[in-house]
Amino acid sequence: MTLLLRSSVALLGLLLLLDSNLVARSKTGSPGVPVDIDLRARPTARAYRVAVPPLIDGLVNEPLWREMEPASDFVQQEPNNGEPSTEQTEVRIGFDDDHLYLGVICLDSQPDHIVVTQNRRDASLENTDSVEILFDTFNDKQNGVVFGTSPTGIEYDAQISKAGQGRGGGGTPARAGGGGVTGGAQRGGAAALNINWDAVWTVRSQISTRGWEAEFKIPLRTLRYNPGNNITWGMNIKRNLRRHNEQSFWSPLSRAYTLSQVEMAGQLEHLSLKAHRNLKLLPYVLGGVKQDFTRVVDRTDPAHTGGLDLKYGLTSSLTLDGTFNTDFAQVEVDDEQINLTRFDLFFPEKRPFFLENSGFFDFGSPQETEIFFSRRIGIDDSGTQVPIDAGVRLSGKAGHYNLGLLNVQTRRVAATAPANNFSVARLSREFGRRSSVGGIAVARQSTSSRFGLPDRSTNSTFGADVNLGLGRYANVFSYFAKSFTPGRNMSNQAGATTLAYDDRHNRIDAAYQEVGRNFNPEVGFVRRLGFRKPSFGYRYTFTPEGKYLRSVFPHFQWNRWYTIAARNGSQGQESGFEHYHLDSRWQNGSQYGIAFNRNFERIDKPFEIFPGIAIRPGTYRYNETVANFSTDPSAMLFGSGNTAIGDFYGGTIRTVNANGGYRIGYDYTFTASYVRNWIRLPEGNFNTDLVGWRFNWALSPKSYFQSFVQYNSRSNQVGLNLRLGLLSNSSTGLFVVYNSRISTIDYTDPHEQIDRRTLNRAFFVKYNYLFDF
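The structure contained in this document is the topic of the report that follows. Everything quoted here is computed from the prediction, not taken from an experiment. (Residues numbered from 1 in each chain as written. Predicted model: local features only at pLDDT ≥ 70, side-chain atom pairs only at ≥ 80, totals over all residues. Heavy atoms only, no water.)

**Observations concerning the overall build of the protein**
Worth spelling out the cut-off: Numbering of helices and strands runs from the N terminus, with a helix taken as a DSSP run of H or I at least four residues long and a strand as a DSSP run of E at least two residues long. Contacts between residues were defined by any pair of non-hydrogen atoms, one from each residue, lying within 4.5 Å. Shrake-Rupley sampling with a 1.4 Å probe provides the accessible areas, and residues are treated as covered by the protein chains on show and by no other component.
For the protein, the count of helices and strands is 4 helices and 46 strands. Long-range contacts, defined here as pairs at least 24 residues apart, represent 61% of the contacts in the protein between residues at least 6 apart. Here the protein displays about 33700 Å² of accessible surface, and carbon together with sulfur accounts for 56% of that area.

Spelled out as structure tokens, the structure:
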């Protein structure tokens, strides 16, 4: 522990020295190198009170817009950092007592070449011409909201928390078995940008002779802010000019930052805002039928129910949410995964009630040790939904404090799940630059009975965290937590410290994590127990000036896991992973790279890697080579993936991981994925297949039809998910959903004697409506 503290202090000093040297060079400049744009004065813009609101038709041509001075003079981040944008952008801001109005003109000398690839609400704006506007409504440089659109009028909105800083290092490296993200160098960590926040607002866009234009109408009651006269908000604006793969900002950013870095925003001045206490009621009705053919009797269950969600603004900065008889029928099913490890798989949350404000409740090491994992509420270990009777959440801001309270009651399901009450309390105090200190308390209390007597089983976890922003580019993330479970009172702690540095060329991640043998947050997610894990990673980004190549970023990652041994138990190193990767990004957005991975595993007891095949105890060292690629993601035909070859637990593995898609205009998109593993082991040989196929039809920017078909050779099942959504506003409207699962021996075998049968299926029609007072 002393060595760890000394090493941490030394590395922290190195990061601060690197940051101060970079700042010094940026201020003075050097021959041929411009002054760092991160040190430029932040721009200011004015908001204008309007007497008569504009007509929201997507054309910024009313006289009131011409009377406003626009936010303009955008500066490139990519490809030529610091240079003026190749096409001009003008954004005008108006307001009255009830709404905020934005008039956006994206001038374009070639309007016939505007690129549009999406036409669906909350679709990614990265691969299409688009504009995104960030508002830091408390001007605290920690939190914000984003509104965005495209030339077709997509509604895109998101929340920003944690000063825009993700937790968890540089992403998941590509590796054999189909794991990891292509390229392996994307930013990872708990999401600081939450795109699942859905506000009620209006936008219209049109392509015109001068480019494309958009008008926004945002109700002030949708936002949290401090009311008053002559108020200042933080603001930044991003324009994506896709045919040049050019990103430019109103408040200039170097390549070290993204739009979510709230502290780099400019200023929006002269706002005069009244307090709004908004009440939203969202009732729903649902009808349909479920059939489970694995039952012997009572295979068909009619479904007809209703419920209510509500949202009430207690103050301009605190919101109370309630849900009664909650339903998530319209949510897309989980993506299938195949597990080639001895640890649990991680499935992300997709339910809207739990995703809204989820960034504030994040605590721990993402996808490894999460103190609160909302999928523990209302979903059992098999992925089956457990009914939620009611839930309440209080979230928001009080001065420099962020507050979050959550309580949910689930219903008992006979022979499946007991009734439970779940509680979460989260508090943090923001200070300084990207810094905060806070705590969390999470508890589960059984409310069922056993043998006619109350079941008092309980579990709780408490934790504290500190996040420090040091200089412009260095951050320290630390937490410590302890769980309390009857009979598990020793080695029941978890904690980690991560030192992260990321400027426009260097990224450094150094971390130490520890999880006790008996750490048991029953409302959290823990991938493995009883280990100490030091890790270190470094990436350097070259940005050559060339016609085709945009950047080259070699990087490496070292991870070691050491056993926290019980008495007379095994100890020493139990796992190791080294990742060396040369990756490149090209001017059209494509990416190509090659990686080499080294693995170490100590197996203390057999584990079944495939039905009938178990890995024997022993130590295993094996290597693999991975090649990754992705083509231009805005093209009509696009693809990505990786292929790997190497050793695997005393045998060999070959992996092909391919993803691709085809667009017809911007309304129809077909995408497919395929992961194939050929595995040869001393204990036996086997192959795995994972197939996915999606079809998206954007009927309008607010309505869609989606189909999702999956095949998993490990379970020998095909899953089908069909969803039709006809939305009126935000995420409300009419939903028609069909789900089924089919058992099959081999999806490629055409012989009729192979048993194929439907395991279960369900058909639902759901309608919800928003009453906005």
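**Some words on the sheet that holds strand S18 (residues 369–370)**
Quick reminder of the rule: Think of it this way: DSSP has to see at least two bridges between two strands before they count as a pair.
Strand order in the open sheet made by the 3 strands is S17-S18-S29, with antiparallel pairing throughout. Two strands close off the open sheet at either side, each with one partner strand: strand S17 (364–365) and strand S29 (525–526). In this sheet, S29 lies alongside S18 in antiparallel orientation, the contact comprising 2 bridges. Along S29, the bridge assignment pairs Thr-369 with Val-526.

**Considerations on the packing of aromatic side chains**
So the rule is basically this: Two rings belonging to Phe, Tyr or Trp (six-membered ring only in the last case) form a pair when the distance between their centres is within 6.5 Å. Interplanar angles under 30 degrees mark stacking, angles over 60 mark edge-to-face geometry, and anything in between is tilted. Under the scheme applied here, a residue whose accessible area is under 20% of the maximum for its type counts as buried, over 50% as exposed, and between as partly exposed, the area being computed with a 1.4 Å probe on protein chains only. Working rule: Lys NZ or Arg CZ, within 6 Å of ring centre, within 35 degrees of ring normal, means a charge sits over the ring.
With the rule as written, the count across this model stands at 32 aromatic pairs. Seen from their ring centres, Tyr-620 and Tyr-649 are 5.5 Å apart, and the 75° between their planes marks the pair as edge-to-face. With Tyr-620 in strand S37 (residues 618–630) and Tyr-649 in the loop between strand S38 (637–648) and strand S39 (651–664), the pair connects residues that are 29 residues apart, well separated along the chain. By relative accessible area, which is 12% here, Tyr-620 ends up buried. The ring of Phe-328 has Arg-351 lying over it, and the distance from NZ or CZ to the ring centre is 5.4 Å. Seen from the ring of Tyr-284, Lys-766 lies directly overhead, with NZ or CZ sitting 4.8 Å from the centre.

**Here's the deal with a nonpolar patch on the surface**
What counts is decided by this rule: A patch consists of residues exposed above 30% relative accessible area that lack any salt bridge, with like charges linked at up to 9 Å and nonpolar side chains (Val, Leu, Ile, Met, Phe, Trp, Tyr) linked at up to 5 Å. By definition, a salt bridge exists where a carboxyl oxygen of Asp or Glu is found within 4 Å of a side-chain nitrogen of Lys or Arg.
Among the surface-exposed residues, Met-636, Leu-637, Tyr-662, Ile-664, Tyr-668, Trp-697, Leu-699 and Leu-726 lie close enough to one another that they form a single nonpolar patch of about 730 Å² accessible area. Mapped by element, the contributors of at least two residues to the nonpolar patch are S39 and strand S41 (684–700). The topology assignment puts Ile-664 in strand S39.

**Looking at the environment of Asn-677**
Our working definition: We define a polar contact as two N or O atoms separated by no more than 3.5 Å, with the added condition that, inside protein, one atom must be a possible hydrogen donor and the other a possible acceptor, whereas residues neighbouring each other in sequence contribute only through side-chain atom pairs.
Within the fold, Asn-677 resides in strand S40 (residues 668–681). C-alpha separation for the pair Asn-677 and Val-656, spaced 21 residues apart in sequence, amounts to 6.7 Å. Once residues within four sequence positions are removed from consideration, Asn-677 is found in contact with Gly-177, Gly-178, Leu-340, Ile-653, Arg-654, Thr-655, Phe-686, Asn-687 and Thr-688. Within the local environment of Asn-677, its side chain forms a polar contact with the side chain of Thr-655, the two groups lying 2.5 Å apart.

**Some remarks on the environment of Tyr-769**
With respect to the element layout, Tyr-769 can be found in the loop between strand S45 (757–768) and strand S46 (771–772). Assessed through its relative accessible area of 38%, Tyr-769 is described here as partly exposed. A C-alpha to C-alpha distance of 6.1 Å links Tyr-769 and Pro-283, two positions 486 residues apart in sequence. The residues touching Tyr-769, leaving out its near neighbours within four places in the chain, are Leu-281, Leu-282 and Pro-283.

**Describing unusual backbone geometry**
A cis amide bond links Glu-78 to the next residue, Pro-79, at an omega of 0°. Even without glycine at this site, Asn-139 takes up a positive phi of about 50°. Mapped onto the elements, Asn-139 comes out in the loop between strand S5 (130–136) and strand S6 (144–149). The backbone phi angle of Asp-298 is positive, close to 50°, even though this residue is not glycine. By relative accessible area, which is 59% here, Asp-298 ends up exposed.

**Considering the nonpolar core**
The test is simple: By nonpolar core we mean a set of buried residues, namely Ala, Val, Leu, Ile, Met, Phe, Trp, Tyr and Cys, connected to one another through side-chain atoms within 4.5 Å.
Among the nonpolar cores identified, the biggest contains 37 residues, and Phe-135, Phe-147, Phe-216, Trp-233 and Met-235 are the most heavily contacted of them. Broken down by secondary-structure element, the contributors of at least two residues to this core are strand S1 (44–49), strand S3 (89–95), strand S4 (99–107), S5, S6, strand S10 (211–219), strand S11 (228–241) and strand S13 (266–273). The next biggest cluster of nonpolar side chains, apart from the first, holds 27 residues, and it includes Phe-353, Phe-354, Val-408 and Phe-422.

**Comments concerning the side chain of Thr-152**
Relative to the assigned elements, Thr-152 resides in the loop between S6 and strand S7 (156–160). Polar contacts involving the side chain of Thr-152 include one to the main-chain carbonyl oxygen of Gln-118, which spans 3.4 Å.

**A look at the pattern of salt bridges**
For the coordinates displayed, the defined rule picks out 49 salt bridges. A salt bridge links Asp-140 to Lys-397; its shortest N-O distance comes to 2.9 Å. Within this pair, whereas Asp-140 is found in the loop between S5 and S6, its partner Lys-397 is found in strand S19 (residues 388–398), the two being separated by 257 residues in sequence. Comparing Asp-140 with Lys-397 shows no difference in burial state: the two are buried.

The values reported here are purely geometric and, on their own, carry no functional implication.
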